[in-house]
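Residues per chain are reported as follows:
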Amino acid sequence: MDENTETADAAAHVPGIGGVADPGDPQPAPHDGLFSAERSAEVVAAAFARTPDDRLREVLTSLTGHLHAFVKDVGLTPAEWRSAIAFLTDTGRTCGETRQEFVLLSDVLGVSMLVDTLANGTLGDATESTVEGPFHVVASPPRALGDDINDDGRAGLPCLFTGRVLDPEGAPVAGALVDVWQADAEGYYDVQLPGGAPAGNLRGLFTTDADGAYRFRTIVPRHYPIPDDGPVGRLLRATRRHPNRPAHIHLEVSAPGLRTLTTHLFVAGSPYLDSDAVFGVKESLVREFTPVDDPEKAVAAGLPCPYRTVDFPVTLRRDEPGPAPGDGA
């Protein structure tokens, strides 16, 4: 037997090199970390195993599992993947100082409302929360109680908005901050107006008095479409959904030791109360804006006659301290 024949015979008995391995030979360990369609989520999740933040590791592991399951469930194609990447890229490019397209996307997918509902739920007599929306993008100017937030005198039904901030036991909360913002009678926020508007128009930051009361003058807002000239609008049109929200006024109420509340007050009778594009309507947050046709009351309110009035008492919850983000707890 020549040297080449001996070499070939030896190679035939080496696993993975020519010929068939002897069943008695030791087998190589499987490459458990290699990617496959069957084990994709498991392999990727394992890459996050050393993440020191427990909560971050939990979220990424769960996200990976659900995302990979979704891709397999719908059989996502390469073309669809590229389209999704382009959509998200366009969503990012549409964001700016006064526009948050990603918040809008979260809103129309119902994610914003789900996160809010899971975080707040319903507890006793506490006022219900709802989504913040994409227009809380500029600071509201501090104002005195009773001020008119309609700085440029835009046309609309004049309105007196009053309320009190209470703690869970019903006691008034003095010094609470009440941040309000709203659209005008044509459905535009100040940051949307083509010709511009005074800084902070139809926005205001009020501080409650010793009785927990707050009040301001404004106009009754109109229902409006969310911005639909970007990728979120294209999504709504592709799915035959309308972009409209019912008329409402936003409030964010905060006080030391109490949980900050982000909510709306919806105008009773407004269109789209039953089909809000961002799913934000709750029955307890719908109120009548009652007509008042009394000259003496109008003078006292500092408004023309007739006008509308609405009262919205707010009950806050006790703050429940939890782990700080990123502390691994």
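Quantities reported herein were computed from a predicted structural model and do not represent experimental measurements.

A.B. asks: Explanation requested: the sheet that holds strand β9 (residues 286-287) in the structure shown.
C.D. replies: In a beta sheet, neighbouring strands are held together by backbone hydrogen bonds and run either parallel or antiparallel to one another. A sheet is described by the order of its strands in space; here five strands give the open sequence β3-β2-β7-β8-β9, paired in mixed fashion. The two strands at the open ends of the sheet, each matched to only one other strand, are β3 (203-207) and β9.

A.B. asks: Teacher, can you tell me more about the nonpolar core here?
C.D. replies: Nonpolar side chains in soluble globular proteins tend to end up buried together. F161, Y214 and L251 are the most contacted members of the largest nonpolar core, which totals 30 residues. Broken down by element, this core gets its largest block of residues, five residues, from strand β8 (residues 258-267). Not counting the four nearest positions on each side in its chain, Y214 is found in contact with L145, F161, T162, G163, R164, V165, V178, T208, L251, F312 and V314. Core analysis: the second largest hydrophobic core is formed by ten residues, L104, L105, V108 and M113 among them.

A.B. asks: Explain the side chain of D276 here, please?
C.D. replies: Inspection of the secondary structure assignment puts D276 in the loop between β8 and β9. D276 gets classed as buried once you look at its relative accessible area, which sits at 7%. Setting aside anything within four residues of it in sequence, one finds D276 in contact with N244, R245, P246, F266 and V281.

A.B. asks: Would you mind showing me how to read unusual backbone geometry here?
C.D. replies: As a rule of thumb, non-glycine residues mostly have phi less than zero, and peptide bonds are mostly trans rather than cis. Backbone torsion omega between C305 and P306 reads 0°, so that peptide bond is classified as cis. Positive phi is not limited to glycine here, since Y272 has a value of about 75°. As for its position among the elements, Y272 is in the loop between β8 and β9. The phi angle at F279 is positive, at roughly 65°, despite the residue not being glycine. Here F279 falls in the partly exposed class, since its relative accessible area comes to 43%.

A.B. asks: Would you take a moment to explain the environment of S62 for this structure?
C.D. replies: Positionally, S62 belongs in helix α3 (residues 54-74). For the pair S62 and A45, spaced 17 residues apart in the sequence, the C-alpha separation amounts to 8.3 Å.

A.B. asks: Honestly, the confidence of the model for the protein chain in this entry has me stumped. Any pointers?
C.D. replies: Reading predicted coordinates in detail is not appropriate for stretches of low pLDDT. Here the protein chain averages 88 in pLDDT, while 86% of its residues score no lower than 70. In this model, residues 323-329 is a region of pLDDT below 50 whose contacts with residues beyond four sequence positions or in other chains number five contacts.

A.B. asks: How should I be thinking about empty space enclosed by the protein in this particular structure?
C.D. replies: Which parts of space are left empty comes out when a probe the size of a water molecule is rolled across the atoms. Tallied over the full model, the rule gives two cavities of 30 Å³ or more. In this model, the largest cavity occupies a volume close to 90 Å³. It is β8 that contributes the most residues to the lining of the largest cavity, three residues altogether. The class makeup of the residues in the lining of the largest cavity is three nonpolar, six polar and three charged. Its boundaries defined by the atoms lining it, the second largest cavity holds a volume of some 40 Å³. Taken together, D107, G133, P134, Y189, Y224, I226, R245, H250 and V278 make up the full set of residues lining the second largest cavity. Of the residues in the lining of the second largest cavity, the class split is five nonpolar, two polar and two charged.

A.B. asks: Can you walk me through the pattern of salt bridges in this structure?
C.D. replies: When their charged atoms lie close together, side chains carrying opposite charge are able to pair. The final tally for this structure, using the stated rule, is 15 salt bridges. Here D184 and R154 are joined by a salt bridge, their closest N and O atoms 3.9 Å apart. With D184 in the loop between β2 (177-182) and β3 and R154 in the loop between α6 (111-120) and β1 (158-166), this pair connects stretches of sequence that are 30 residues apart. One salt-bridge network, held together by shared partners, links R99, E101 and D229.

A.B. asks: Would you mind going over the packing of aromatic side chains with me for this structure?
C.D. replies: Considering all chains together, one arrives at six aromatic pairs under this definition. With 4.2 Å between their ring centres and 15° between their planes, F135 and Y189 make a pair best called stacked. You can see F135 sitting in the loop between α6 and β1 and its partner Y189 sitting in the loop between β2 and β3, a full 54 residues away along the chain. Overall, Y189 belongs to the buried group, its relative accessible area being 1%. Centre to centre, the rings of F206 and F216 are 5.2 Å apart; their planes meet at 15°, and the pair counts as stacked. Taken together, the residues F206 in strand β3 and F216 in strand β4 (residues 213-219) connect sequence positions ten residues apart. Relative accessible area serves as the criterion here: at 0%, F206 is assigned to the buried category. Overall, the relative accessible area of 0% leaves F216 in the buried class. Counting every residue linked through ring pairs, the aromatic cluster contains F161, F206, Y214 and F216.

Procedures and definitions
- In this convention, every chain numbers its residues from 1, walking through the sequence in written order.
- The predicted origin of the model limits local features to residues at a pLDDT of at least 70 and limits the giving and counting of side-chain atom pairs to 80 or more, whereas totals for whole chains, interfaces and linings rest on all residues.
- By convention in this description, side-chain values take in all heavy atoms of the structure and omit both hydrogens and water.
- Whether two strands pair depends on DSSP finding at least two bridges between them.
- Here a helix means four or more residues in a row that DSSP labels H or I, a strand means two or more in a row labelled E, and each is numbered from the N terminus.
- Here, the term nonpolar core denotes a set of buried Ala, Val, Leu, Ile, Met, Phe, Trp, Tyr and Cys residues that are joined through side-chain atoms within 4.5 Å.
- Only protein chains enter the accessibility calculation, which uses a 1.4 Å probe; a residue whose area is less than 20% of its type maximum is buried, one above 50% is exposed, and one in between is partly exposed.
- In what follows, a contact means two residues having at least one pair of non-hydrogen atoms within 4.5 Å.
- The quantity known as pLDDT measures the predictor's confidence residue by residue, on a range of 0 to 100.
- Only protein atoms enter the calculation, which uses a 1 Å grid: trapped sets of points that fit a 1.4 Å probe without letting it out are cavities, open sets showing protein on both sides within 12 Å along at least five of seven lines are pockets, and any residue with an atom within 4 Å of a point is a lining residue.
- Grid points are joined across faces, edges and corners, and a volume is the space filled by probe spheres set on the points.
- Each residue is assigned to one of three groups, with Ala, Val, Leu, Ile, Met, Phe, Trp, Tyr, Cys and Pro labelled nonpolar, Asp, Glu, Lys and Arg labelled charged, and all others, Gly among them, labelled polar.
- Throughout this description, the term salt bridge denotes a Lys or Arg side-chain nitrogen within 4 Å of a carboxyl oxygen of Asp or Glu.
- Each Phe, Tyr or Trp ring, with Trp reduced to its six-membered ring, pairs with another whose centre is within 6.5 Å; inter-plane angles below 30 degrees give stacked pairs, above 60 give edge-to-face pairs, and intermediate values give tilted ones.

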